[in-house]
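# Architecture and fold: a report
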Amino acid sequence: MFNLEEFLLMREKRVEIQNSIINKFKKPILVLRANYPGEDKNNFIPKSIVEVIKKEITEIFNSDILIVEKISSIEGPTYIFSIDYPGIEIKKIAMVIEDNHTLGRCVDIDVFDETGYPFSRSDFGGEKRKCLICENMAFVCGRTGAHSHKQIQNVIQEKYEQYLDIVETQESISNTFSNNALKSIVLEVSSSPSFGLVSPLTKGAHKDMDFFTFLDSSFALTPYLKSVSKAGYSPLPIDLIFKKIRYMGKVSEQEMFLATNNVNTHKGMIFLIGITLAMASKAKFENLSFRDISNLISEMCKDILKDFDNIRSKSNLTHGEKLFLNHGIVGVRGIVKKGLDIIFDEAIDVFENSLLKENDINASMVRTLIFLMSSLEDTTILHRHDIHVLNNVKLEAMELHSMFENSPLDISLLKEIENKYSKERISPGGAADLLAVTIFLQSIKNMF
Ligand SMILES: [Zn+2]
């Protein structure tokens, strides 16, 4: 039976544990508990709810989490996270979860800074939390006992059932989206002739990879494709979704390198397909239109060029940073900042029109690749060559694009060009990534 003395003792004990974790790591802590009335705080519902929110917090803070401690007591399941992240930012994110997540109002997330100071909503001019049942402040209803425990428990159970429904849809959408994405990635590397890229028939301009390396790499991305799709199908705001998928992308890069013996097959693809999948799922969650995916991508990546802000003082510049410094080329970052408009406005049409006209998926892919090569500042080409080579590639692609606009592709001519590019070590990898994203987006267009 419920024992007030034991309850108070456990609370005291928890505070002791919290303080010892702060003292040990000298970092802020986050304390997660179910907001569940009554004596039985350890039944299935509050336990499940705490696990759901624990997973959210873990995905958001990922490698910044130093330790997670679980306490099971009469107080109900409790998690204490020590997080190497500014306390004030942790509190803001905690408030976003409490306010936006389907189960956010069913938990209490307290944040203490590294001195033990407990942040409160009023520190941010934020309102106190609302009651689960009526429009009053929660603490008012709590004090006056406006609602019975049973009433509140029923509402929490309803919320949990609502959450389970969302998870079911999330599962089905992320299955479809991630399968289509994987198929698009495999289709892209199967197109031929492909101007120095790897294809089933040639290693193109590459020595360290072939078609089978790409198959290994593609299938190694499977868990990533699924998890970014799931992350996007969420009520959380897109900056938090971005924070989650950035980390998922890093993990996926490691899985790719493991699968390919350290060959970079899909690094650019991981980034591009990740944000596309996540925002396609988000558009689905919010019941938006297909074209809104572009707006969401643009919104999510609005600060992405800030990566370049401090590069003049940096000593170890990445390839992309050097190109920006020397040529003002912003590469794939610039393209996503514009919401992949080159795909939504043009490439999808090129691909789709060709499919309708010729019913030949390889021809449609090659045509789309040519179009993308003609309009892209392909940083993969610049990686090995200079701006003159890139400009020549663009010019040649432009000529091919107009040459075949109203006639079948001349495969033997394209093969000649492919051979030339392979010999000159030219490989339009950036255009290839965008081709896969185009195929993917076209494949889900009619789901909106
Ligand atoms: Zn109320």
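Preceding this section is the structure that the text describes.
Everything in this summary refers to the structure shown in the same document. These figures come from a predicted structure and were not determined experimentally.

## Some words on the packing of helix H14 (residues 361-375) against helix H16 (residues 387-403)
Axes are the key here: two packed helices are described by the angle between their axes and the distance separating the axes. Two elements in contact, H14 and H16, have axes whose closest approach is 7 Å; the angle formed by their N-to-C orientations is 140°. Looking at the two axes, H14 sits oblique to H16. Note on packing geometry: the crossing formed by H14 with H16 is left-handed. Judged by residue contacts, Ile370, Phe371, Met373 and Ser374 of H14 engage Val393, Lys394, Ala397, Met398, Leu400 and His401 from H16.

## Focus on unusual backbone geometry
A cis amide bond, omega -5°, links Ser192 with the succeeding residue Pro193. Mapped onto the elements, Pro193 comes out in the loop between helix H5 (149-190) and helix H6 (211-220). In this model, Lys26 sits at a positive phi of 55°, which is unusual for a non-glycine residue. Within the fold, Lys26 resides in the loop between helix H1 (4-25) and strand E1 (29-34). What makes Lys26 exposed here is the crowd of 11 C-beta atoms within 10 Å. The backbone phi angle of Asn261 is positive, close to 55°, even though this residue is not glycine. Considering the arrangement of structural elements, one finds Asn261 in the loop between helix H8 (238-259) and helix H9 (267-285). What makes Asn261 exposed here is the crowd of 10 C-beta atoms within 10 Å.

## Some points on helix H10 (residues 292-300)
Restricting attention to buried positions, one finds in H10 the residues Ile293, Ser294, Leu296, Ile297 and Met300. All buried residues of H10 fall inside an arc of 165° around its axis, so they share one side.

Thresholds, definitions, all that
- Within every chain, residues take consecutive numbers counted from 1 along the sequence as written.
- Where totals are concerned, whole chains, interfaces and linings use all residues; where local detail is concerned, this predicted model gives features only for residues with pLDDT of at least 70, and gives and counts side-chain atom pairs only at 80 or more.
- Each axis is a line fitted through C-alpha atoms, taken for helices only over the stretch in contact, and angles between the N-to-C directions span 0 to 180 degrees.
- Numbering of helices and strands starts at the N terminus; helices are DSSP runs of H or I of at least 4 residues and strands are runs of E of at least 2.
- Here is the rule for angles: anything less than 35 degrees is roughly parallel, anything more than 145 is roughly antiparallel, 65 through 115 is roughly perpendicular, and the remaining ranges are oblique.
- Crossing handedness: left-handed means the near helix sits turned counterclockwise from the far one by under a right angle, and right-handed means the same turn made clockwise.
- Once C-beta atoms are placed from the backbone, any two residues with those atoms within 7 Å are in contact.
- Residues are called buried when their C-beta atom has 20 or more other C-beta atoms within 10 Å, exposed when it has 12 or fewer, and partly exposed otherwise; all C-beta atoms are positioned from the backbone.
- Taking the helix axis as origin, the arc is that swept by the directions to the C-beta atoms.

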